[in-house]
Every structure is written in structure tokens, then in C-alpha cells.
Amino acid sequence: MSGRLSNATFAELPPEVLVPRYDRKSVASGIVHLGVGAFHRAHQAAYVDACLADGESDWGIVGVSLRSPDTRDALKPQDGLYTLAIRDSAGERLQVIGSIQSLLVAPEDPGAVLAALTDPRIRIVTLTITEKAYLRAADGTLDSAHPDIVHDLANPGSPKTAHGFLAESLARRRAAGTSPFTVLCCDNLPANGATLHRLLIEFAKLRDAQTGSGDQLLAGHVADEVAFPSSMVDRIVPATTDTDRARIAGELGIDDAWPVMTEPFRQWVIEDRFPAGRPAWEKFGVAMVEDVGPFEDMKLRLLNGAHSGIAYLGLLSGHATVDRAFADPSIRQFVDALWQEAIPTLPQDAGLDTSAYTAELAARFSNTALAHRTAQIANDGSQKLPQRIVASALARLEAGLLPEHLSLVVAAWIAACAARGKTLPESHFTDPLDAALGDLFGRNPPTAEMTAAVFDLAGFAKGHLERRKLIEFVATHLVHFKHGNPKLALAALGIGNESGTAG
């Protein structure tokens with residue numbers, strides 16, 4: 001290798017590598033992104049890169065890491081450039097993305113992040129901070145007792161959370177007479193824009209009460225003056241490995257410290273409410289709509305729900321990647337049945353083509369080039385399953401239908417959590433409830449009697465009339481996960497046989 005990817009070297013890359021077709025020095029930043037991880041770099045940043053290449057030079061991105069400096073440390077020496085490797089079974093296409101103009105690390109310099117957020121040129125703030133970073137209590141409200149929330153209320157000028165940064169910057173913009181930015185959530189939350197809006201109003205009310213701000217209530221400003229359109233995002237982005245880095249470096253002829261792997265498919269559906277303006281994303285395939293809800297439900301319940309099922313059954317069956325798990329006839333049969341249970345819970349008058357969508361998902365799950373790790377998808381199940389699986393299961397019970405396959409996914413999650421340190425490596429995947437689940441399980445395999453306690457810990461279906469029935473379904477399945485092996489559980493649904501093949 002000779003050198004490293006940067007502004008000074010990207011023009012020397014092989015001609016088959018796509019590079020930014022615009023003058024990066026002329027780009028002004030109009031977006032701050034919180035949570036600048038791999039998914040953002042494969043998805044939103046790539047869409048913005050296309051807009052910059054189309055002449056919209058005022059939409060560059062300031063990337064903010066709320067926790068780790070790893071992304072900044074990798075990309076700052078590269079002037080924010082990185083390689084997007086778009087892979088399928090037919091091959092790989094490399095593209096250098098140049099939309100990230102600068103990178104900040106919030107714990108190191110919260111003042112710099114607030115300065116970026118209060119810059120009048122910033123008109124949109126996007127977020128991919130993962131479900132758990134929204135700091136919700138079991139009932140979905142803001143966890144006001146969380147130490148980071150307590151810190152941010154006491155120290156508004158040096159926040160730690162997305163809530164704290166958004167609230168303080170909006171307060172400063174208001175005091176300066178600067179119009180508020182639009183907040184665009186891109187995480188897998190139901191009605192993600194409305195959800196974040198509600199959480200931030202809750203935070204602002206606590207802040208107003210603590211500061212005694214009188215008539216100048218921030219909560220009212222957030223409620224009435226700040227736009228929070230909901231969005232739905234979709235693109236599979238596996239974790240980058242050292243093998244990926246070495247292969248990409250060989251293709252480029254120079255080093256890239258953190259390339260991103262992804263699939264050809266991408267989707268972004270956004271509610272079109274941007275008072276301060278936005279890029280012309282629709283030119284590049286983004287669907288700007290009035291209501292994102294039906295698209296969001298389809299993606300959460302069919303793609304993300306199937307992903308969770310594949311992840312936990314795959315781990316328990318010894319499959320390290322999605323394509324290998326999906327190639328297992330028993331798991332493939334299970335996913336097909338899971339889709340048939342989930343589809344009737346979707347809006348029936350929204351014009352959704354579920355047959356075409358699930359066929360496309362099957363092709364994506366079969367992509368052998370991605371090596372999407374089941375352990376990666378398995379992380380944070382207690383935060384993901386409520387919208388991916390539990391909501392569909394409850395909807396079926398409300399309609400008088402059985403959630404047999406949906407409820408098995410919850411049981412598989414419990415069994416996989418309990419299998420760590422036994423048939424699975426100790427830290428194979430993580431969950432915010434790990435300590436509590438460890439205390440509950442001890443050294444014993446999970447039992448049907450533990451199911452209700454797990455539901456209590458996770459807040460699954462809290463207060464729902466069908467909660468007891470769902471617990472009974474999960475408990476029944478859990479009995480069949482003997483020593484963490486899913487074969488008996490699947491066989492009880494008529495799937496597979498003792499050899500694990502379809503029958």
C-alpha cells in the first residue's frame with residue numbers, strides 16, 4: 001500500500017472506483033448527524049453524497065459520535081472520506097463517499113457539538129443512535145431516572161444524551177432568534193419522529209421545571225415550532241471485518257481505515273415536513289410521503305421481525321451469518337410461516353405489496369457476499385422485539401388469531417440469552433437487560449415459569465389485555481428449547497425433523 005484515502009489521494013484511485021464528482025472544498029454543512037456509525041455511512045450519507053454531486057452544495061454533514069471516538073479516529077486522517085462496498089453474490093462495486101465534512105466526539109467536546117447544532121446554516125439534524133439510546137422506561141415514557149438524563153438536566157451546557165444536545169441547542173437557537181432545525185429520526189422506532197418528539201417534550205418539561213424558566217417554556221417551543229417528520233430506513237449493513245479492510249485496500253491500492261459493507265438494495269421513506277428546507281432526496285429514490293406508518297410497519301414486522309427470528313434461531317443452530325441460517329430449510333420454512341402470521345397485522349388499505357416485498361427479502365437474506373452476522377442482529381433484543389415481534393403477536397391475539405411463530409421468536413431470544421456462557425460464547429451478543437437476566441437465570445436453563453418475570457423485566461405488552469395469553473404461548477415454546485436447541489421447538493410447529501431438514 002502507498003498512502004491512505006484522503007482528499008489528496010482519492011483522485012488517484014483505479015477508474016472503476018466511483019469518487020465524489022464535486023468540489024468538497026465548496027461544500028457547506030447543512031446537516032448534523034448524531035450517531036455516525038456504519039448504517040448512517042451506508043445510507044443517509046450516501047443519499048446526501050448524490051445530492052452534493054447534483055449541485056446541492058449546502059447539505060454537507062457534520063458527523064457526531066455520542067460515545068466512542070473510533071469513527072472520528074478512523075476517518076479524520078481521511079478527511080471524512082470512506083469506501084462504500086456494495087456487495088451481492090454477483091460481485092462488488094466500490095464508491096468513495098464524501099458527504100461527511102467534519103467529525104466530532106461529544107464526550108470530548110460537548111461545546112463543539114452545541115456550536116455545530118446552533119450554527120444557523122444547520123437546518124436538519126438526523127439521528128441513528130439505536131433504540132436503546134432513546135432512554136425510554138418500560139412504559140415508553142422518558143426514563144427520567146436514567147443517570148445521563150439526570151446529568152443533562154443538571155448540566156445543560158455539557159450534555160451526554162441526544163435529548164440534552166437537542167434541547168440545549170434548540171434553546172440557544174431560540175434565544176438567538178435562529179429558526180429551529182428539523183429533527184429527522186432514522187432509527188427503528190414505531191412512528192420514530194412522533195416518538196422522539198414526545199420524548200423531547202418530556203425532557204424539556206423536566207428542564208423547564210428545573211430551571212424555572214417561567215413564560216419562556218422550551219417544552220412549548222419544541223411542541224409547537226420544531227418539526228419531527230417520521231422516516232423509515234432500510235439497508236443491510238454488516239459489521240466491517242479486518243478481512244474486508246484488507247480486501248478493500250487491495251482494490252484501492254491505498255488504505256481505508258473503515259470502509260463500510262452493504263447490499264445493493266436501499267430504501268428511505270420520509271414524511272415531507274421540512275420548514276427550513278431539505279435536499280432533493282426524491283431525485284435519488286427517496287419516497288417523500290404524507291404518512292410513513294404503513295411502510296414502517298411492513299419493514300419492522302416483515303424484515304426486522306424476520307431478522308430477529310433468523311438471528312436467534314441461527315445462533316442456537318450454529319449458523320454464524322444470515323445467509324447460512326436462511327439456507328437452513330427449517331429456518332427458511334419458519335420465516336415463511338412468520339411472514340404469513342405478520343402480514344394480516346399490517347394496514348390492509350395502504351396498497352402494500354407484501355408478496356413482492358417478502359420475495360425481495362428472501363433474495364436479500366440469501367446474499368452470500370454480505371456475511372451479515374447473526375450475533376450482530378441479536379444485540380439489544382429487549383429493545384427491538386416490542387416493535388418487531390410483540391406488536392404483531394398482540395395484534396393477532398386481538399383479532400382472535402394465534403401468534404405461534406411470532407411468540408417462538410421471543411422464546412428463542414430468551415433461550416439465546418440463557419445459552420451464553422454455555423452453548424454460546426459468554427459475550428456473543430449483548431442486551432441492556434443482561435445483568436437482570438443473569439440474576440434471573442442463574443446457572444439454570446430458563447423455564448416456562450420464568451417467562452412472566454422476563455416480560456416484567458423487558459416491559460413486553462405491559463398493560464395489554466392479551467399479555468397473559470402471549471406469555472403462555474412463549475412459555476410453551478420455551479419448554480421445547482432443551483439445552484438451547486431449537487429443533488424440538490420448531491418440530492412442535494410442524495417444521496423440520498430430527499436431522500434439521502424440512503419435512
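Overview of the structure. (Residues numbered from 1 in each chain as written. Predicted model: local features only at pLDDT ≥ 70, side-chain atom pairs only at ≥ 80, totals over all residues. Heavy atoms only, no water.)

## Points about helix α16 (residues 404-419)
Then, number 1: Compared with the 22 Å implied by 1.5 Å per residue over 16 residues, the 22 Å span of α16 between its first and last C-alpha is a close match.
Then, number 2: Of all 16 residues making up α16, 15 are buried, and the element is well covered by its neighbours.
Then, number 3: Following α16 by one or two positions, Gly 421 adopts a phi angle in the positive range, close to 85 degrees. (Helix = DSSP H or I, 4+ residues; strand = E, 2+ residues; numbered from the N terminus. Expected span 1.5 Å × (residues − 1). Buried < 20%, exposed > 50% of the residue type's maximum accessible area, 1.4 Å probe, protein only.)

## Some words on the layout of surface pockets
Gaps left between atoms are located by rolling a probe of water-molecule size over the structure's atoms.
Then, number 1: Size it by volume and the largest pocket reaches roughly 1,500 Å³.
Then, number 2: The wall of the largest pocket is formed by 49 residues, among which Ala 38, Phe 39, Thr 128, Ile 129 and Thr 130 lie closest to the centre.
Then, number 3: Sorting the residues of the lining of the largest pocket by element identifies α1 (38-42), α3 (70-75), β8 (231-234), α10 (293-316), α14 (374-378) and α15 (381-398) as the ones contributing at least two each.
Then, number 4: Across the lining of the largest pocket, the residue classes tally to 17 nonpolar, 18 polar and 14 charged.
Then, number 5: Volume-wise, the second largest pocket comes out at about 730 Å³.
Then, number 6: Around the second largest pocket, the lining is made up of 27 residues, and of these Ala 137, Ala 138, Gly 140, Pro 386 and Ala 458 lie nearest the centre.
Then, number 7: Elements with a minimum of two residues in the lining of the second largest pocket: α7 (192-211), α15 and α18 (451-458).
Then, number 8: In terms of residue count, α15 provides more of the lining of the second largest pocket than any other element does, seven residues in total.
Then, number 9: Its residues assigned to classes, the lining of the second largest pocket shows 14 nonpolar, seven polar and six charged. (1 Å grid on protein atoms, 1.4 Å probe; cavity = no way out; pocket = protein on both sides within 12 Å on 5 of 7 lines; lining within 4 Å. Points joined across faces, edges and corners; volume = space filled by probe spheres on them. Nonpolar A, V, L, I, M, F, W, Y, C, P; charged D, E, K, R; others polar.)

## Considering the sheet that holds β8
Then, number 1: Read across the sheet, three strands follow the order β8-β10-β11 without closing on themselves; strand pairing throughout is mixed. Two strands lie at the open edges of the sheet, namely β8 and β11 (287-289), each paired on one side alone. Going from strand to strand, the sheet's axes swing by 15 degrees on average, the running direction of each strand aside.
Then, number 2: As defined by bridge partners, strand β10 (residues 267-271) adjoins β11 across three bridges and the pair is classed as parallel. Considered in β11, the bridge of Val 269 is made with Ala 287. (Pairing = 2+ DSSP bridges. Axes fitted to C-alpha atoms, helices over the stretch in contact; angles between N-to-C directions.)

## Topic: empty space enclosed by the protein
Then, number 1: Overall, the coordinates contain two cavities of 30 Å³ or more when judged by the stated rule.
Then, number 2: Together, Ile 236, His 307, Val 322, Asp 323, Arg 364, Phe 365, Asn 367, Leu 370, Ala 371 and His 372 line the largest cavity.
Then, number 3: Breaking the lining of the largest cavity down by element, the ones donating at least two residues are α11 (322-327) and α13 (354-365).
Then, number 4: A class-by-class count of the residues in the lining of the largest cavity yields five nonpolar, three polar and two charged.
Then, number 5: Reported here for the second largest cavity is a volume of approximately 40 Å³.

As far as function goes, none of this settles anything; it's purely spatial.
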